[in-house]
Amino acid sequence: MKQRDRYQECVYPSPESRAALWDQTNRLLDGVLDGLPNRSPSPSLDMSAIRERLRTYDFREARDPAVTLSDVVDILASGIVHTQHPRYFGLFNPSPTFPGIVADAIASTINPQLAVWSHAPAAVEMERHVVRWLCRSVGWHDEGIGGHFTSGGAEANYTATLSALTRVEEGFSDRGARAFGGQPRIYASAESHLAWYKIAHQTGIGRAAVRLIPTDGSGRMDVGELDAAVSEDSDLGRVPVMVAATAGTTNAGMIDPLAEIRGVALRRRLWLHVDAAWGGAVRLSPTSRRLLAGIEEADSVTIDAHKWLAAPMGAGIILFRNAEILGRTFRVEASYMPEGVAELDPYTHSAQWSRRFVGLRLFLSLAILGEEGYAWMIDRGVGLAAELARLLKESDWSVVNDPSLAVVCFVDNRSGQEPSEIVARVVEEGRAWISVARFEGQAVVRACMTSHRSTEADIRELIQALNRARDDAVTSGTGSPAE
Ligand SMILES: *Cc1c(COP(=O)(O)O)cnc(C)c1O
């Protein structure tokens, strides 16, 4: 083959080679996923082994695609925590839906550019369609509803914060934080997701803008404390801007009292954001949706597609009851950008410029599973969590949170072992993956039941692994037996 043809074949192979490579890729991926139940969810390659293998890639010469694909999948398979493992009871990282996975292949292959409406009207409209549907599932039916896909919950919360600052202080857009007479303030609970600090830094109001409100002993924002904090800040010349209620805390799935927080927000004229990155999915379950009653009173809502909605990683969503503010927050004109439909161009309404077709992951998943399929997936997770909580109590563990959002936090009553030691033993044994967390200042073991791959048999295996970890501790004398 001539050199030029060879390169051509590497950049975009002939139809026969492409078919063979797709076929090989499918087989490799099925091999990884089908083999998961029999291997540890944790990486088996250590840092030096990974780097050793990467050293063979000096990128000087073209490599055989089939050999390379298989090597890359093999490095990955042995070098990550497998969030698709049926006994990965981890940090909401999903086992993606198959339609979501296919959507990513379609988005990469067709590769629409969603910066401007005119470049990809079909794709922009598909995202808009899902976003408006989600707004209605939150409980909004106003004309002005809208929002967009983000890289994740952190970007969604950032978008809400920047918009709230722009709404509250007209001069913020041009003059920045100086436009506020005093230190702007945003409020979230002590159990909230601490990306708020990075967000405050990013928006230029500074990390000191974040005021964490104490919780009530069960992981929910103490509304009396919120009211007192806002009042004190106002008296001291600071400028209260936004309260972010968490609907599904990352540690324990607890839900701040949305209606009461709404009362404070109204009285004190604060933007009300609800961070439902993780919990928002329950709006799709007729059985559990009432848990988030009051969310419809928010000005903006974050829901991650890559948590309980099971889209592949890198998919969040920000929703606005009145999306008009986005155009003021992200306005910009660039001579080289195609003229568009001003109200619809994503690059003038969001933090990103070039934009990937992330929304297809959710569009296709919703289309193929339907609302009922999603409800089934969510109810199943809630059911498994309830079952785990029941089995834990039977085996003398204490569940310390309310597991209705499918995350269970617990401690050991019997051996007095530190949660971190129990978790380390379980993870090291390799039958399951769980983590530690802090809940109301207490270290706890945390297990999250959101994977559609997990079954009751997997829950029983987890209980057995936990009991073994505790018994090991007792026999090896590392724990101090409870009185
Ligand atoms: C996960 C999470 C976030 C951060 O979202 P990313 O998708 O990781 O950026 C924010 N808030 C809550 C409540 C979360 O659970």
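Our structure is the block above this text.
Below you will find a few notes about this structure. (Residues numbered from 1 in each chain as written. Predicted model: local features only at pLDDT ≥ 70, side-chain atom pairs only at ≥ 80, totals over all residues. Heavy atoms only, no water.)

Considerations on the environment of Thr287
Tracing the backbone shows Thr287 in the loop between β5 (271–275) and β6 (300–304). With 92 residues separating them in the primary sequence, Thr287 and Asp379 have C-alpha atoms 7.5 Å apart. (Helix = DSSP H or I, 4+ residues; strand = E, 2+ residues; numbered from the N terminus.)

Describing the pairing of β5
Most of β5 is tucked away, with 5 of its 5 residues classed as buried. Residues Trp271, His273 and Asp275 line one face of β5 and the alternating positions Leu272 and Val274 line the opposite face, and both faces are buried. Here strand β4 (residues 239–246) runs beside β5; their pairing, made up of 5 bridges, is parallel. Within the sheet, the bridge partner assigned to Ala245 lies in β5 and is Val274. Running through helix α11 (residues 258–268), the crossover from β4 to the neighbouring parallel element β5 is right-handed. The pairing of β5 with β6 spans 3 bridges and is parallel. For Val274, the partnering residue across the bridge sits in β6 and is Val301. (Buried < 20%, exposed > 50% of the residue type's maximum accessible area, 1.4 Å probe, protein only. Pairing = 2+ DSSP bridges. Right-handed = clockwise from strand over helix to strand, strands pointing away.)

Side note on the nonpolar core
One finds Val301, Leu319, Leu362, Met449 and Leu466 to be the most contacted residues of the largest nonpolar core, which totals 81 residues. A total of 12 residues in this core trace back to one element, the largest contributor, which is helix α13 (residues 360–394). (Core = buried A, V, L, I, M, F, W, Y, C linked by side-chain atoms within 4.5 Å.)

Observations regarding the sheet that holds β5
Ordered by their spatial adjacency, 7 strands build an open sheet running β1-β7-β6-β5-β4-β2-β3, and the pairing between neighbours is mixed. Looking along the sheet, the strands with just one partner apiece sit at the ends: β1 (146–150) and β3 (210–213). Put simply, the sheet's adjacent strands are angled 20 degrees from each other on average, direction ignored. Bridging between strand β2 (residues 184–189) and β4 involves 5 bridges; their strand directions are parallel. By the bridge assignment, Tyr187 is partnered in β4 with Val243. The sheet contacts of helix α9 (residues 195–203) involve β2, β3, β4 and β5, and relative to β3 the element is tilted by about 160 degrees. (Axes fitted to C-alpha atoms, helices over the stretch in contact; angles between N-to-C directions. Contact = heavy atoms within 4.5 Å.)

Describing the pattern of salt bridges
Applying the stated criterion across every chain yields a total of 28 salt bridges. Notably, a salt bridge pairs Glu461 with Arg431, separated by 2.9 Å at the nearest N-O pair. Taken as a pair, Glu461 in helix α15 (residues 456–475) and Arg431 in the loop between α14 (419–429) and β10 (435–439) lie far apart in primary sequence, 30 residues in all. One connected set of salt bridges, linked through shared partners, spans Arg185, Arg211, Glu232, Asp233 and Arg238. (Salt bridge = Lys/Arg side-chain N within 4 Å of Asp/Glu carboxyl O.)

Function cannot be read off these values alone, since they describe shape.
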